[in-house]
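Residues per chain are reported as follows:
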Amino acid sequence: MKTLLALAGLAVLTACGFGGPPPPDWKTDAADLIERYQKHALLGENTLAERYFQQAVAATGGAGRVAETARLWLVHCATRRAMLIDDTCTEYADLADLAPNADDHAYYQFLTLHWDALDVDRLPSQHRDLVRAPAAQRHAVLSRIADPLARLLDASLLVMRQEADAATLAQAAETASARGWRRPLLTYLKLQQQQAAAQGQATESARLGRRIQLVEQSLLPAGN
């Protein structure tokens, strides 16, 4: 879960040198809150997730930190796009104009599918091979990505680029299932079911339908 934090430069929020002063509260608060946002967003607990995110933005914004607030929005965008939500990262882009950063901009271009224009060397290392690979071979790169959230994000970007095949959908679904990330799991199971139905695979469609039902039931409020 910490990967997208590191990608957007937020891991440094809690860093302090040996023997140096502890980091200010706004840094530690923002780092903790954005991780809580990611956790609950991926679980499908949207109201709680957005509450944590707004508190994180309030922590950096209250300190007048434009660059750090922009990076929070970049993590927000990356997390949503990993869940196949078509977020255009507008809030990040608006703030980034005031505090430009080349690495952040490359990651923004990666998220928004402007791969022809980005400087690949500025991307986090786990995403470089995906961008450099020919389109027909990109799905094979996913299995080499160790971090599950980075793998899920890359799979989702391939879906958005219309470069995903059945193996891509299966790998994304398995990644989300293994971590218990209900929201992206539900999305990918539905995509798989649509594909199975289109191919006349009634048994597989029914099996996926049962999995979808289980996930949907888990998302219902307690007592329903």
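Before reading on, note that the structure itself is shown above.
Described below are features of the structure shown in this document.

The subject of this paragraph is the nonpolar core. Across soluble globular proteins, nonpolar side chains have a tendency to be buried as a group. Judged by nonpolar contacts, the single largest core of 59 residues is most densely connected at Tyr 107, Phe 110, Leu 111, Trp 115, Leu 123 and Leu 152. Counting residues per element, this core draws most heavily on helix H4 (residues 66-82), at 8 residues. When sequence neighbours within four positions are dropped, the list of residues in contact with Leu 111 reads Leu 74, Cys 77, Ala 78, Arg 81, Cys 89, Leu 153 and Leu 157.

In terms of backbone geometry, most residues other than glycine have negative phi values and most peptide bonds are trans. One non-glycine residue, Cys 89, lies in the positive phi region at around 60°. Among the secondary structure elements, Cys 89 is positioned in the loop between H4 and helix H5 (90-96). Look at Cys 89 and you get buried, because its relative accessible area is 1%. At Leu 113, a residue that is not glycine, the phi angle is positive and equals roughly 70°.

Right, let's talk about the packing of helix H10 (residues 166-179) against helix H11 (residues 182-198) for a bit. Between two packed helices, what matters for the description is the angle formed by their axes and the separation of those axes. In contact at an axis separation of 8 Å, H10 and H11 are set at 150° when each is read in the N-to-C sense. By the criterion of interaxial angle, the relationship of H10 to H11 is roughly antiparallel. You can see that H10 and H11 cross each other, and the crossing is left-handed. Of H11, the residues touching H10 (which contributes Ala 166, Leu 169, Ala 170, Ala 172, Ala 173, Ala 176 and Ser 177) are Pro 184, Leu 185, Tyr 188, Leu 191, Gln 192 and Gln 195. In terms of residue class, the contact of H10 with H11 is built from 10 nonpolar, 3 polar and no charged.

Basis of the calculations
Each chain carries its own residue numbering, running from 1 in the direction its sequence is written. Residues qualify for local features only when their pLDDT is at least 70, as the model is predicted, and side-chain atom pairs are given and counted only at 80 or more; totals for whole chains, interfaces and linings, by contrast, use all residues. Heavy atoms from the whole structure form the basis of all side-chain values; hydrogens and water molecules are not counted. The set of buried Ala, Val, Leu, Ile, Met, Phe, Trp, Tyr and Cys residues whose side-chain atoms join them within 4.5 Å is what this entry labels a nonpolar core. Only protein chains enter the accessibility calculation, which uses a 1.4 Å probe; a residue whose area is less than 20% of its type maximum is buried, one above 50% is exposed, and one in between is partly exposed. Secondary structure follows DSSP: runs of H or I at least 4 residues long count as helices, runs of E at least 2 residues long count as strands, and numbering of each begins at the N terminus. We call two residues in contact when some of their heavy atoms are within 4.5 Å. With axes taken as lines fitted to C-alpha atoms, and helix axes fitted only over the stretch in contact, angles between N-to-C directions fall between 0 and 180 degrees. For classification purposes, an angle smaller than 35 degrees is called roughly parallel, one larger than 145 roughly antiparallel, one from 65 to 115 roughly perpendicular, and anything else oblique. Each crossing is labelled by how the near helix is turned from the far one, with a counterclockwise turn of less than a right angle marking it left-handed and a clockwise turn marking it right-handed. Polar here means any residue other than Ala, Val, Leu, Ile, Met, Phe, Trp, Tyr, Cys and Pro, which are nonpolar, and Asp, Glu, Lys and Arg, which are charged; Gly is therefore polar.

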